[in-house]
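Report on the structure
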Amino acid sequence: MSSEPSPFLHSLLKAELHLHLEGSIEPATLLELRHRRGEETATLAEVEPLYQFTDFAGFLLAFKDITAHLLTPDDYELITYRLMERLKSQNVLHAEVTVSAGVCLWRKQDFAAIFEGLERGRQRGERDFGISLLWIFDAIRQFGAEKAQRVLDLAIQFRDRNVVAFGIGGDEIKGPPELFAAVFARAADHGLHLTAHAGETAGPESIWGALNLKAERIGHGLTAEQDPELMDELARRQIPIEICVTSNLRTACCSQLAVHPVRRYFDQGLMLTLNTDDPAMFRTSIVEEYQLVQEHFSFSNDHLRELARNSFEASFLPTEKKVEFLNIFDGATVRG
Ligand SMILES: [Zn+2]
C-alpha cells in the first residue's frame with residue numbers, strides 16, 4: 001500500500017462478515033501458543049514459513065498446517081480473544097466469524113470442549129473490547145454431504161449460543177453446491193442463516209447453485225460477471241457479496257488487481273461488503289481492504305461509507321440489534 005490509511009478509513013465503523021478464525025491467527029499468536037505448551041525455544045522464524053503459499057491449493061494446505069497447532073479449548077480461547085483485540089483496533093463493532101468445525105471433526109477433537117473455549121474468548125473479548133461476535137459453522141465441501149451434516153448437527157446443538165449461520169467453504173469444484181441441498185434445507189428448518197463461498201474458484205454456475213441452496217450471502221462471487229443474467233439477479237435481489245480483494249490476489253483466484261471486478265460490481269448496483277477472509281494468512285486488515293479499493297478503484301469516502309453501512313445491513317444480527325448498530329453508524333456518520 002502506498003501510504004498510511006486515512007483517519008477517515010480508520011475511524012469508519014465497520015462490521016466483518018467473511019472472516020475465518022483459523023486464518024486470523026497472527027504468527028506471533030501461533031508462537032504464543034507454542035510457548036504456552038512448553039516449546040520455549042520456538043521462534044518466529046520457525047513459524048513464518050507456515051504462512052507461505054502461491055495458489056489456492058497451497059493456501060488450503062497452509063490453512064490445514066496452521067490449524068494443526070490448535071489443540072486445546074484454551075488455544076481457541078486465545079485466538080478468539082486476539083482476533084477481537086485486533087478488530088477493536090480497526091474500529092470493527094461486529095464480526096461474524098467462521099469456524100471450520102469440519103476440520104475439528106476430521107481431527108477427532110472434542111468439539112463441545114472447544115466450543116467452550118471459543119465462547120470464553122468471545123465473552124472476554126466482548127467485555128474488554130465492546131465487540132459483538134457471532135459464529136458461523138463451516139463445512140468443508142470436498143469432504144462431502146454426510147460430513148457436512150455432522151457440522152450442521154453441531155451448529156444446531158449450539159444454535160442458542162451465538163451460532164447464527166451455517167456455510168460451506170473449501171474446494172468448489174470437488175464439492176459443487178448441488179451435493180448440499182438436503183443439508184442447507186435442514187439448516188434453514190432449524191432457523192440458521194445460510195451462506196456459501198461461491199464463484200471463488202468455480203464459474204457462475206456455482207453461484208447459481210448457492211442461490212438455489214437459498215444462501216443469503218455469497219462469499220467472493222468473483223465469477224458472477226461472466227453471466228449477465230446472474231448479475232441482474234444479484235442486483236435485483238440485493239444479495240450481499242462478501243468481497244475479499246487481497247485474498248483473491250494471494251490465492252491467485254484473481255490474476256491481478258487491475259482485473260478484480262469490485263468496481264464493476266459496485267457500478268452495476270450489487271450489494272457489496274469488504275472483508276479480509278483470512279487476514280493473518282493474507283497479511284491484510286479490514287482497514288487495508290478499504291484503503292486498497294479506494295486507491296486502486298477510485299472509491300470515494302461516500303462510497304466506502306456505503307460499503308461499511310452495507311456490512312451492518314447484510315449481517316445476520318437479529319433485526320432489533322441490526323437497527324441499533326445502524327443507528328450508531330448513522331449517528332457517527334452525521335457527527336463525522
Ligand atoms: Zn473464506
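It should be noted that the structure appears before, not after, this text.
All of the points below concern the structure found in this document. Everything numeric here is computed off the predicted structure, so don't read it as measured data.

**Thoughts on the sheet that holds strand β4 (residues 163-169)**
Hydrogen bonds between backbone groups are what pair the strands of a sheet, and the pairing can be parallel or antiparallel. With parallel pairing, 8 strands are arranged side by side in an open sheet as β1-β2-β3-β4-β5-β6-β7-β8. Edge positions in the sheet fall to β1 (14-20) and β8 (271-274), since each of these pairs with one other strand and no more. Neighbouring strand axes in the sheet, compared pairwise and without regard to direction, differ in orientation by 25° on average. By the bridge criterion, 4 bridges tie β4 to strand β5 (residues 193-198) in an arrangement that is parallel. Across the sheet, residue F166 finds its bridge partner in β5, namely L194. Of the strands in this sheet, β2 (92-99), β3 (132-140) and β4 are in contact with helix α7 (residues 111-129), which crosses β3 at around 150°.

**Some thoughts on the coordination of the zinc ion**
Coordination of the zinc ion by the protein is provided by H18 (NE2), H20 (NE2), H197 (NE2) and D277 (OD), with metal-donor distances spanning 2.1 to 2.3 Å. Angles of 83 to 173° at the metal separate the 4 donor atoms of the zinc ion, which places the site in the irregular class. Donor residues binding the zinc ion come from one chain and are separated in sequence as H-x1-H-x176-H-x79-D. In this pair, H20 sits in strand β1 while H197 sits in strand β5, placing the two residues 177 residues apart along the sequence.

**Re the environment of A62**
Mapped onto the elements of the fold, A62 is located in helix α4 (residues 56-67). Residue class for A62 comes out buried when judged on its relative accessible area of 4%. The contact partners of A62, leaving out residues within four places of it in the chain, are L50, F53 and M281.

**A closer look at the packing of aromatic side chains**
Going through the model one piece at a time under the given rule, you end up with 16 aromatic pairs. Ring centres 5.1 Å apart and planes at 45° place the aromatic pair Y81 and F129 in the tilted group. Highlighted residues: Y81 in helix α5 (residues 73-89) and F129 in helix α7, separated in sequence by 48 residues. Across this residue pair, the class does not change: Y81 and F129 are buried. An aromatic cluster is built from F53, F56, F59, F63 and F282, whose rings are joined through pairwise contacts.

**Quick look at helix α9 (residues 181-189)**
Residues of α9 that are buried: V183, F184 and A187. Considered in projection along α9, the buried side chains sweep an arc of 95° and stay on one side of the axis. Away from its buried face, by an angle of more than 90 degrees, α9 presents the exposed residues A182 and D189. Just downstream of α9, G191 is the residue with a positive phi angle, here 80°.

**Comments concerning unusual backbone geometry**
Notably, N162 is not glycine yet its phi reads approximately 75°, a positive angle. Considering the arrangement of structural elements, one finds N162 in the loop between α8 (145-157) and β4. We note that R283 has phi near 50°; this positive angle belongs to a residue other than glycine. Here R283 lies in the loop between β8 and α14 (286-297).

**Concerning the environment of Q142**
When you line up the elements, Q142 lands in the loop between β3 and α8. The class for Q142 is partly exposed, based on a relative accessible area of 31%. On a C-alpha basis, the gap between Q142 and H197 in space is 13 Å, while along the polypeptide they are 55 residues apart. Among the polar contacts listed, one links the side chain of Q142 to the backbone nitrogen of D171, at a separation of 2.8 Å.

**Regarding the packing of α14 against helix α15 (residues 301-313)**
Orientation of α14 relative to α15, taken along the N-to-C sense of each, is 145°, at an axis distance of 11 Å. For the pair α14 and α15, the sense of crossing is right-handed. In contact with Y290, V293 and Q294 of α14, α15 contributes N301, L304, L307 and A308. When grouped by side-chain class, the residues that make up the contact of α14 with α15 number 5 nonpolar, 2 polar and no charged.

**A closer look at the side chain of R122**
Take R122: it is sitting in helix α7. With near-sequence residues (within four places) excluded, R122 lies in contact with T80, M84, L133, W135 and N162.

**Focus: the layout of surface pockets**
Estimates place the volume of the largest pocket at around 500 Å³. If you trace the largest pocket, you find 24 residues lining it, with L60, F63, I140, Q142 and G170 closest to the centre. Ranked by the residues each element gives to the lining of the largest pocket, the list is headed by α4, at 7 residues.

The rules we used
- Along every chain, residues carry numbers that run from 1 in the direction the sequence is written.
- Only residues with pLDDT of at least 70 are given local features in this predicted model, and only at 80 or more are side-chain atom pairs given and counted; all residues enter the totals for whole chains, interfaces and linings.
- Hydrogens are left out, water is left out, and the side-chain values use all remaining heavy atoms of the structure.
- Here, strands pair whenever DSSP counts at least two bridges between them.
- Helical segments are the DSSP runs of H or I of at least four residues, strand segments are the runs of E of at least two, and each set is numbered from the N terminus.
- Where helices are involved, their axes are fitted lines through C-alpha atoms of the stretch in contact, as for all axes, and angles between N-to-C directions lie from 0 to 180°.
- Working rule for contacts: check all heavy atoms of both residues, and any pair within 4.5 Å makes them a contact.
- For Na, K and Ca the donor cut-off is 3.2 Å, while for other metals it is 2.8 Å, and in both cases only N, O and S atoms qualify; water is not among them, so sites may look incomplete.
- Each label reflects the angles at the metal, where four donors whose angles all fall between 85 and 135 degrees are tetrahedral, four or six donors whose opposite pairs open beyond 155 degrees and whose other angles stay between 65 and 115 are square planar or octahedral respectively, and the rest are irregular.
- Buried, partly exposed and exposed residues are distinguished by accessible area as a fraction of the type maximum, computed with a 1.4 Å probe on protein chains only: under 20%, between the cut-offs, and over 50%, respectively.
- Any pair of Phe, Tyr and Trp rings, taking the six-membered ring for Trp, is counted once the centres come within 6.5 Å. Such a pair is stacked with planes under 30 degrees apart, edge-to-face with planes over 60 apart, and tilted for the rest.
- Each direction from the helix axis to a C-beta atom contributes to the arc, which is the arc of those directions.
- Any pair of N or O atoms that falls within 3.5 Å is considered a polar contact. Within protein, one atom must be able to donate a hydrogen and the other to accept it, and sequence-neighbouring residues count only if both atoms are side-chain atoms.
- Crossings are classed by handedness, with left-handed meaning an anticlockwise turn of the near helix from the far one by less than a right angle and right-handed meaning a clockwise turn.
- Amino acid classes used here: Ala, Val, Leu, Ile, Met, Phe, Trp, Tyr, Cys and Pro are nonpolar; Asp, Glu, Lys and Arg are charged; the rest, including Gly, are polar.
- In this analysis a 1.4 Å probe is tested at points of a 1 Å grid over the protein atoms alone, and where it fits but cannot get out there is a cavity; an open set with protein on both sides within 12 Å along at least five of seven lines is a pocket; lining residues have an atom within 4 Å of a point.
- Grid points are joined across faces, edges and corners, and a volume is the space filled by probe spheres set on the points.

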